[in-house]
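Secondary and tertiary structure notes
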Amino acid sequence: MVWNSTKKALGKRKIRKLLEVHYDGEVPEELVGELYPLLDKVGYDGLEQVAGLSSQIARYSAGTAVRLLEKSPELIEQVLTHGDKELVMQVYSLCRQVARDTIFVAARLLDESPELVERLLKYGDKELVKKVYGLSSRVVEYNLRTGVRLLGMSPELVDRVGYDGLERVAGLSSRIGKEHSDVAVRLIEMSPELIDRVGYEGLDRVASLSSQIGKEHSDVAVRLIEMSPELIDRVGYEGLERVAGLSIQIARYNWRTGVSLLGMSSEFIDRVGYDRLEEVAAFCSQIAREDSFVAARMLDMSPELVDRVGNDCLERIADLCRQVNRDDGFIAAKLLGGSPKLIARLLEYGDNEFVTSVYGLCCQVAEDYNWRTAVRLLTESPELSKRLHKYGGNELVKAVYAICTQVAECSARTAVSLIEASPELIGRVGYDGFEKVAARAAELAKLEVGRATSFVRGESSEYAAFIDTIIQGLELKKIKPVLANYLNALLGYRIEIAEAQGASTDGERIYLPERIQEFSEEDRNFILYKVLATHEEAHLEYGSFDFELMRVQDVVSRISAKYGGERKQMNGTSDVGGFYELFPEPTLARDLTTVLEDYRINSRLQTEYPVLGEHIVEMNVHVVSKRLAIAELANDKQRAVELIGQRLIAGTSEEQVPENLEQAVDRALSISHTLSSPNADVHETARVAAELYFLIEDLFQGPYKPVPPFSASLDQSQVNQNIGNFGRTARKISEKLESKESRTEQDNEQMQTVQQSTSSSQYAASEEAVKKLLRALFKEKGVRPKEVESRIDALESSKVEDYLSDLETLIRAEDELQSERDTYLYHEWGSDIGDYRPNWSRIRERAIDGGSNNFYLDTIQKYAGLIKCIRREFQMLRPEGLLRLKRQFDGDDIDLDAAVQYFIDKRLRLSPSERNYVRTEKRLRDMAVAFLVDVSGSTGGATIACEKEALILMSEALRELGDSFAIYGFSGHGRDNVTFYKIKDFDDLYDERVQSRISILTNEQSTRIAPAIRHTTVKLRSREEKIKLIILLSDGKPLDTDYHGDYAIADTGMALREAQRYGIKSFCITVDREAAEYLPQMYANSRWVVIDDVLKLPDKITRIYRLFTT
Amino acid sequence: MLERLNSRLYENGSFEIKDEPFYLPQGNEVSLFEAAYKNKLPVMLKGPTGSGKTRLVEYMAWKLGRPLYTVACHDDLSGNDLTGRYLIKGDEVEWIDGPLLMAVKNGGIVYLDEIVEARKDTTVVIHPLTDHRRYLLIEKLGKIFYAPDDFMLVISYNPGYQSVLKELKQSTRQRFVSINFGWPSEDLETQIVHQETGVEQDTAKRLVKAANKIRNLIHQGLEEGVSTRELVYAGTLLKSGVPVRDALYSTMIEPLTHDSDLKRSIEEILKNYFEV
C-alpha cells in the first residue's frame, strides 16, 4: 500500500518534470494524473516520445499540442490493446518524423493511428503492423508525402498483395518519390489495381516509365499512371509505352495537349484503334509545331471527329483552323468546337469523302481568297447541301462540290459564288446546265476573276444570254410580267403570281409551277402556263369560292336523308369542306366536286374566249394523256371518277372500258352537262357532284381511294380568309335589308304603301346587284368582302343602306386614297416579286417653321466672295424674258416696219416680202428644279452642314437666274412614315422664312429615297415649265426598316426611272466615297456625280448646276 | 398662210353637217345636250379619247341643224387664233374672223376640242361667252359682239389625259354643263362597231370583249385603254381583208403602249379571242 503510493508520487513527479520542459507555466495536476497510468504501460521513454511530439507541435500550435497530449492516454490505450509498447513508440516516432515537416499531417496521422492499426491487424499480427510502420518511416526518409500515403494505403495494399507487395511498392515509390512525389503518390494509389492487372512486373514498368516521363513532365506522368490500367488492358504495355511516348512528345509543345491526349487515349483506342490514335497524335504533334492552340483543341475534339471522318478531312479541318487562327483565335476555336455537329449534319448528305471535299473547298478558299468567306461557306454548307439535296440526292450534292472544287482551282472567289448560287441555278437549269455554267465560269476565271464572279452571280448580261441558251423549258420568272398584266386585264384587279408546285390560288396570289417543260417548244409551254393561269383566275372570276352550304339546302337534305341525320358539326372548315363531310366518303365527294368545278370553269372559259378554249382542250388532252392507265387503278369507283374526270376535262379517253363503267360514265356525263351552261354556278356544281356521288355509290362497291388530282382542289377557307366571300356577304347584306323592310312593314302598317314605294332600296330586290357592287368595290378600290362583311355584321339593319350608298360613292370618288390631309401613298417597286407593291409607302408632308436664320447669315458671310462670283455668273445666264420675233410669216400682230417696207416695195414694184408679222415668244429659262435633300441620320456631322451651305449658295444663284425651284428634305422611319419637309415649295418666295428653315435643318432618321423621289415627281409634274429637274443630294445607300441592299437600290432606281418617264430629269449628287459600287445600278436612269470630299459640295454644286442646265 | 386662210375651211356653208352622223346614245347625253342648247348653256364633254365626244357634237349639230365650227386645240393656239386678226391684203389690211367670232356672228356651235391643250389666254377669251353675258370682246376692233340665241360653246376635255399640267382650271370648269362619257356598255359598243364597220356581230362582240379586258389595265401600265374609235378602225381593217394579226396589232396594241411586256400581255388577251 505504502509502496504503491510512494511509487505513484514518484512517478507523478517524474512526469511533471518531463512536462515542465514543454510547459511555460505550471503543469496542470490533472494532466499529470491522467498520464500517470501510462507510465506503467509505456515507461518513461514512451512518455518522453509523447511529450516530445507535443512539444514539436506546440511550436506551431499550442492548442493542438495540448489536445493531443490530453488525448494521448486514451490513444495509447487503444494502440496497446492491439500492440505493445514498441508499436506505440513506432507510432510516435513516425509522427515526430512527419511533424518535422508538417504538424498537421502528423496530428492527423496520430489521430488515425488506432484505427489504422486495427485495420492492419485484420491481415496479420502486431508484428506486421510494426513492420508497416517501420517501412513507412523508412519511406518517409525519402519522401514524406509518399510515405504518409503509403501508410494510408497500407491496409488495402496488404490485403491485396501482402506485406511483400507493400514492400515492393514502397521500394518503387520511394525511388520515384525522391524526385516526383506526385507521381509516387499516384503510383501508390493506383498500385493495387495495377498489380491486380499487370502484376509486379507491370507495376515496375509503369513505375519506371512514369518516373522517366516524370522527368519531363510530372503531370503527364501522373495522368499516365491513372490511365495505365485501362491502356494496358487495351494495348498492352507496349502500347502504353507508345502512348506515353506520343504524349510526352506533344507535351513538349504543349503539356496540356499531352495530358489530354492521355486522358482520351483509351476512349479513342476503343473507338478506332491504336493506329488511328498514333496517326492523330502524329498529326497533332505536327500541327502543334506550328500552332499549339489549334493542335490542343483539335486533339480535344478528335474523339468525336475521328470516327466520322478520315485523316484527310482532319488535315483539312486543321488546315482551315490554322489559317483562321492566324487572325482570330476565337473563331478558330468556335470553328473546331462546332465541327462535330457540322460534320454530323454534312454526313446526312454524303460520306466521309464528301465532308472532306467540303472542307477541302473551304481550305482552298481560305488560302486563295479569304478565310472569313471560307468560314461563311463552311457554316452555310449544310444548308446549301440540304437545298441541293432536293434536286438530286447525295450524288448531286457531292458532284456540285466536286465541280466547285475544280473551279476553285481557277478562282476561289468564283467558286464561292458558284456554290452559293448552285441550288438556285440547278433549280433553273438542271445539273447539266450547272456544269456548263461552271465550265464557262472557270474559263472566264482564267481571263478575269471579277468577270467570272459576276457571271456566276448572275450580274452580268453575259449570264442572262448564257442561261437562255442552256435553259430547259419555260420559266415562270421569264413570263411573269406578261402573265401578271394578262391576269390583271382579265380579272380587273392586280393579283400576284407566285411559284408553287402546281397551279392553285388563295385569292391574293395565283400559284404556278416554277417551270414548265412539258413541250419542247417554248410557245406551247407558254400556252400551258396561260391555260393554267387563266383557269385559276376563272375560279376567282366565276365565283368558285362563293360556295355556301345553305344555298344547297335541297341537296343537303337529300344527302342527310340518305346517309342519316346531322353529320359532324364542322367548325373552322370552309363551306366546301363541310359539304364534303356530309358524305360517307368525303374524298370521293371532293374529287368529284373538283373535277366538276373544273369542267364548269373550262366550259365557261370556252364560251368566253373561243380561241383560248381550243388551247384549253389541247392542253387538257396533253395532261390526260399522261395519266395512269385505267386498268392500273384500284377499283371501279376509282376508275369511274378517273374516267369522268378525263372525259369532262379533255373530252376524250381513248381506252377501252368495260361495259358497266362505260354506261355509268355516260350517265354521269349527261348529268354533268348542265354545268356547261354559262349560268351554272358553283352551287350547281355541288348539286351535280351529289348526283354523281349517288350514282357511283349505287353502282360500285368498295372503298374509294382518291385518284391523283387533276388539279388542286379548291382551298375555299384560304380564299375566304384572304379576301372573303362575295356570295355570303351579298346574302347577308340583302337579308339585313329585307329584315329591315319587314320590320318597317310591321311597325307602320298604315304607311306600308308609302314605305314600299319610297324606301324600298335598290339593293333589296337583287342579291346579284349587291354582289356586283361588292365585286366592283374589290376591283376598283381593293375593299375586300370580308371587310364589308365585318362592318355589316356590326351595323344595325337600318344603317346598312346608308353604308351601301357610302360604298357606292366610294367607287365613284376620284381620290379616295389621299383623303388624309398632307399624306400621300406611293407604290414601291419590289425587286423580289418583280412587281409594284401598291400603296406601300406613305409620305407625310411637314412644314418646318420657326428658328433663327443664323446659319444662313454665317454661310452668306463665309462664302461672301464666292456668292458674288456665282451671282455674276448666273446673271449672265439669265435671258431677257419675253421676246418679240419680228418679220415672221405668221404672228399675232402686224410688224409695222415690215409693213411700211412692204408697201414701199409694192410701190417700187419690187417683190414685197411676206414676212410682215410679229410674234411674241417666251424666252424664259423654262425650268423647274426641285432639290431633294437627304436629311437622314447618316448625314450627321459635316455632311448636313455642307448640304445646307450648298442649298443656300444654290438658292442665291437661282434667285439671280430666275429658275423656279423648290427645296425638299426627306427622312423617315418605316414605310408608313416617310417625312417630307417642305423647305421651299415652287410658289414660295425665297425669303427669310425659307432661309431660316434651311438653317434649322437637322439630320434625322432613315433614308427611304424612292417615295420622296416619287412625291417630288408628282410635284414637278404639275409644273408648267418645259424642263423639269430633280437634284438629289444624298450621302449614299438608301436604308430603312426592312428596306436595304439590292431591294432598296432597285426601288430607288425604279423611282428615278418613273421620273424619267414623265420627262423629269434627275441628277444625283452623292458624297459617299465608297459608294461607287452600287451607284451605277441605282442611278442607271439618271446622271450622277460623286463628290469625294463633302467640304467641296457648296463650292461645286453651283458649277454642276450650271453645266447641267445650260 | 394666206392660202390656208382662204381655203374652204373658213367658208360658212361648209360648216353645216349635211348627212346624219352615226351615233348611238350611251345614256341621256342627247337630251342633256339639247336642253343645254335651248337654255343657252355651254357644254363640256368629259371622257377618254375615242369615246365619242366629237361624234356627239357632230350628231347634235346635225340634229339641231346648226353649223359646227370645230377647233382642234394645240399648245400654240392663242386667243387671236380664235377671235381673228388683221392680215395684209394688197394695199389694205383686212380683218379676218376667227372661228369663234364667226360663230358668234352667225350662230352655230363652236367645238373646242381638247381645250386644255391651248394657251392660257384662250380661256380669257371664252369666259364672257360662257356666262350670262354671252358676248365676245374684240379689242383690236374695239367691238363687242353679242352672241345670238343659237350660238353654243362646247368644249371637250379628257381628264385622264397625259399630264397633270393639262388640268382645266376650276373657274373654267364650273362654267359648263358637264356631260361625262365612259366607255359604252358592251352591247352598245358591239352595236357601234358592228354598224360602223359592217363586221359580223360576233367579231364585233369579241373585239369589244377584248377591249374591255384591256381597259382593265388602265393605270396598271396603260395610260388609256382601247378607244371605241380604235375598235372601229380594227373592225374596218378586218372588214377590208387585212389579216387579223395586222389589223389587231396596229389598232389595239401598238397605239397603246411601247412597253414590250405590256404589249405581250395585250397580245395574249387578244389571242384568247382571235386566231392570230
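Residues numbered from 1 in each chain as written. Chains lettered and ligands numbered in written order. Predicted model: local features only at pLDDT ≥ 70, side-chain atom pairs only at ≥ 80, totals over all residues.

Helix and strand counts for chain B stand at 12 helices and nine strands. With 276 residues in all, chain B has 42% of them scored as buried. Put simply, 71% of the contacts in chain B that link residues at least 6 apart link residues at least 24 apart. (Helix = DSSP H or I, 4+ residues; strand = E, 2+ residues; numbered from the N terminus. Buried ≥ 20, exposed ≤ 12 C-beta atoms within 10 Å, placed from the backbone. Contact = placed C-beta atoms within 7 Å.)

Now for the pairing of strand β4 (residues 92-97) of chain B. All names here are of chain B. Across the six residues of β4, zero count as buried, placing the element largely on the outside. Pairing of strand β3 (residues 84-89) with β4 involves six bridges; the strand directions are antiparallel. From the neighbouring strand, I88 faces β4, where its bridge partner is V93. Connecting β3 to the antiparallel partner β4 that follows it, the hairpin turn spans two residues, and G90 within it adopts a positive phi of roughly 60°. (Pairing = 2+ DSSP bridges.)

The next subject is the packing of helix α14 (residues 352-368) of chain A against helix α16 (residues 412-447) of chain A. All names here are of chain A. Relative orientation of the contacting elements α14 and α16 amounts to 135°, with a least axis distance of 9 Å. The orientation of α14 relative to α16 falls into the category oblique. For the element pair α14 and α16, the recorded crossing hand is left-handed. From α14, L361, Q364, V365 and D368 reach across to α16, where they touch A412, A415 and V416. Taken together, the residues that form the contact of α14 with α16 break down as five nonpolar, one polar and one charged. (Axes fitted to C-alpha atoms, helices over the stretch in contact; angles between N-to-C directions. Parallel < 35°, antiparallel > 145°, perpendicular 65-115°, else oblique. Left-handed = near helix turned anticlockwise from the far one by under 90°. Nonpolar A, V, L, I, M, F, W, Y, C, P; charged D, E, K, R; others polar.)

A separate point is the interface of chain A and chain B. How big an interface is tends to be stated in terms of accessible area lost as the parts join. With 25 residues of chain A in contact, the opposing surface of chain B contributes 28 residues. Where the side of chain A that touches chain B is concerned, the elements lending two or more residues are α19 (476-491), α24 (610-625) and α36 (896-907) of chain A. Residues that form the side of chain A that touches chain B fall into these classes: 14 nonpolar, five polar and six charged.

Residue and element names in this part refer to chain A. In this fold, K478 is placed in helix α19. A residue is classified by how many C-beta atoms lie within 10 Å of it, and K478, with 15 of them, is partly exposed. The sequence separation of K478 and R515 amounts to 37 residues, and the corresponding C-alpha distance is 9.6 Å.

A word on helix α9 (residues 201-215) of chain B. In a regular helix each residue adds 1.5 Å, so 15 residues correspond to 21 Å; α9(B) covers 21 Å between its end C-alpha atoms and thus fits that length. Every buried residue of α9(B) is listed here: B:T203, B:A204, B:R206, B:L207, B:V208, B:A210, B:A211, B:K213 and B:I214. Close packing links the buried residues of α9(B) with α19 of chain A together with α8 (186-197), α10 (228-239), α11 (244-253) and α12 (260-273) of chain B. (Expected span 1.5 Å × (residues − 1).)

For the rest of this paragraph, the subject is the confidence of the model for chain B. Residues and elements named next belong to chain B. Summing up the model confidence of chain B, the mean pLDDT is 85 and the portion of residues at 70 or higher is 91%. The low-confidence segment residues 1-11, where pLDDT is below 50, has six contacts with residues more than four positions distant or belonging to other chains. Across the interfaces of the predicted complex, the ipTM metric reaches 0.81, alongside a pTM of 0.55. (pLDDT = per-residue confidence, 0-100.)

Turning our eyes to something else, we now look at unusual backbone geometry. In this model, A:R887 sits at a positive phi of 50°, which is unusual for a non-glycine residue. Here A:R887 is to be found in strand β8 (residues 881-888). At B:R134, a residue that is not glycine, the phi angle is positive and equals roughly 50°. Looking at where B:R134 falls in the secondary structure, it is placed in the loop between α6 (121-130) and β6 (135-138). For B:R134, a count of 18 C-beta atoms within 10 Å translates into the label partly exposed.

On to the environment of A:E420. Relative to the helices and strands, A:E420 resides in helix α16. Assessed through the 18 C-beta atoms surrounding it within 10 Å, A:E420 is described here as partly exposed.

With that out of the way, let us pick up the confidence of the model for chain A. Mean pLDDT for chain A: 77, with 89% of residues reaching 70 or above. The low-confidence segment residues 749-764 of chain A (pLDDT under 50) makes 18 contacts with residues lying over four places distant or belonging to another chain.

Residues and elements named next belong to chain A. An order of β6-β7-β13-β12-β11-β14-β15-β16 is seen for the eight strands of this open sheet, with the pairing classed as mixed. Strand pairing shows two members of the sheet lacking a second neighbour, β6 (823-830) and β16 (1087-1090), which therefore form its edges. The average undirected angle you get between the axes of adjacent strands in this sheet is 25°. Inspection of the sheet shows strand β15 (residues 1064-1070) paired to β16 by four bridges, in the parallel sense. Bridged to I1069 within β16 is V1089. Seen against the sheet, helix α39 (residues 1009-1021) touches β6, β7 (835-847), β11 (927-934), β12 (964-972), β13 (978-984), β14 (1027-1034) and β15 and runs at an angle of roughly 160° to β11.

Across its 34 residues, helix α7 (residues 144-177) of chain A extends only 9 Å between first and last C-alpha, which sits more than 12% below the 50 Å expected from 1.5 Å per residue. In the structure, α7(A) departs most strongly from a straight axis at A:V161, where the bend amounts to approximately 115°. (Bend = angle between axes of the 7 residues up to and from the residue.)

A:C95, A:C362, A:V365, A:C404, A:V407, A:A415 and A:A441 are the most contacted members of the largest nonpolar core, which has 149 residues in total. Ranked by size, the runner-up nonpolar core spans 99 residues in total, among them A:V688, A:L692, B:A210 and B:A211. (Core = buried A, V, L, I, M, F, W, Y, C linked by C-beta atoms within 7 Å.)

With that settled, consider the sheet that holds strand β2 (residues 68-72) of chain B. All names here are of chain B. Strand order in the open sheet made by the five strands is β2-β5-β8-β1-β9, with parallel pairing throughout. In this open sheet, the two edge strands, each paired with only one partner strand, are β2 and β9 (177-180). Averaged over all adjacent pairs, the angle separating strand axes in this sheet is 20°, with direction ignored. Bridge count between strand β5 (residues 108-113) and strand β8 (residues 151-157): five bridges; the pairing is parallel.

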